[in-house]
Each structure stands twice: as structure tokens, then as C-alpha cells.
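Here is how the chains run, residue by residue.
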Amino acid sequence: MALRLVALVALQLVIGTAQACRFAQDAQPAQWYEWADSLFAADVTSVEADAGKSADVISLRVVETFKGPAGTAAAKLRVPSRMWSSCRLERPAVGARVLVGLNPNSDTLLVPLTPGYSQLLRTYPRYRRGDALSSD
């Protein structure tokens, strides 16, 4: 019985990770706006490994807010290191432009952001006009 419970929990973790990875790779603007409480574009200012917590600490300069509180100039995120390999995402380099989503459960997704995808996010009806600090 205990072995079945452990197997079930492990399966749920794998399925949850797989769903998050698919979302990070394939989500359309409407899905980002629905999932996130805060959604913003940012430039990566530093990436540091926190080996003790198996995480990367990523410092960001926020350049545009798509959803959430306006006026945030900087953010620091702790992202599980396994996310990069599990989701086949590239760990962002200093200077990279990224899309960051934070949901009510304190989950974080961070993916590369292209100028074209930024424009798609801006044309979505729930975009917060006037929150851009700079353009692409």
C-alpha cells in the first residue's frame, strides 16, 4: 500500500512537471494572462547558482508589465535548476530578454521572449497600456 502511494505521488510530480513544461513552451497569450497574476518582460542582469537549494537565482530589470502591479523596476527569482533540463529550456544568459509569469501559488515560469511575442502580448485585450519602461 505504501509503495503504491509513493508511486502515485511520483507520477503526479512527473505529470505536473510535464504540464508546466508544455505550457512554458506552447502557451498562447490568452493562456499566460489566465495563468499569471503578474506577467512582465525583463532583461536578465545576473544568474547565480544556489547549490544548497538546487536553484538558480535570477536577477531581472523589468522593462514592461503586461499584467499585475505597475512600477516594478527589478525582480529576483529563485527557479529550480531542474526546470531547464526537464523542460528543455535554455538557462537565460545575462542580457537576455525573458517573459516572466508568477501565479497565485507562487509558481514561476521564465522563458525567452522575442519582439514578435511581446507584440502578441501587447495586442491581447487584457494588456495594461502605459506600463512599458522601454520598447523592444
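The preceding data block contains the structure.
It should be emphasised that the depicted structure is a prediction, and the values quoted were computed from it without experimental measurement.

Overview of the pairing of strand E5 (residues 108-112)
Here strand E4 (residues 97-102) runs beside E5; their pairing, made up of 5 bridges, is antiparallel. Looking at the pairing, Gly101 lines up with Leu109 of E5. In this structure, the hairpin formed by E4 and E5 is closed by a connection of 5 residues, where Ser106 is found at a positive phi of approximately 70°.

A look at the pairing of strand E1 (residues 38-50)
Alignment of E1 against E4, held across 6 bridges, turns out to be antiparallel. Within the sheet, the bridge partner assigned to Ser38 lies in E4 and is Leu102. Looking at chain direction, E1 and strand E2 (residues 55-67) are connected through 11 bridges and run antiparallel. For Glu48, the partnering residue across the bridge sits in E2 and is Val57. Linking E1 back to E2 in an antiparallel pair, the connection comprises 4 residues, with Ser54 at a positive phi of about 50°.

What about the packing of aromatic side chains?
Summed over the entire model, instances satisfying the criterion amount to 2 aromatic pairs. With centroids separated by 6.3 Å and ring planes inclined at 90°, the aromatic side chains of Trp32 and Trp35 adopt a geometry described as edge-to-face. Of this pair, Trp32 and Trp35 both sit in helix H2 (residues 29-35), 3 residues apart, which is roughly one turn of that helix. By relative accessible area, which is 1% here, Trp32 ends up buried. A centroid spacing of 4.6 Å and a plane angle of 20° characterise the contact between Tyr33 and Tyr124, whose relative ring orientation is stacked. Here Tyr33 is found in helix H2, whereas its partner Tyr124 is found in the segment after helix H4 (115-123), with 91 residues between them in sequence.

What counts as what
Residues numbered from 1 in each chain as written. Predicted model: local features only at pLDDT ≥ 70, side-chain atom pairs only at ≥ 80, totals over all residues. Heavy atoms only, no water. Pairing = 2+ DSSP bridges. Helix = DSSP H or I, 4+ residues; strand = E, 2+ residues; numbered from the N terminus. Phe/Tyr/Trp six-rings, centres within 6.5 Å; stacked < 30°, edge-to-face > 60°. Buried < 20%, exposed > 50% of the residue type's maximum accessible area, 1.4 Å probe, protein only.

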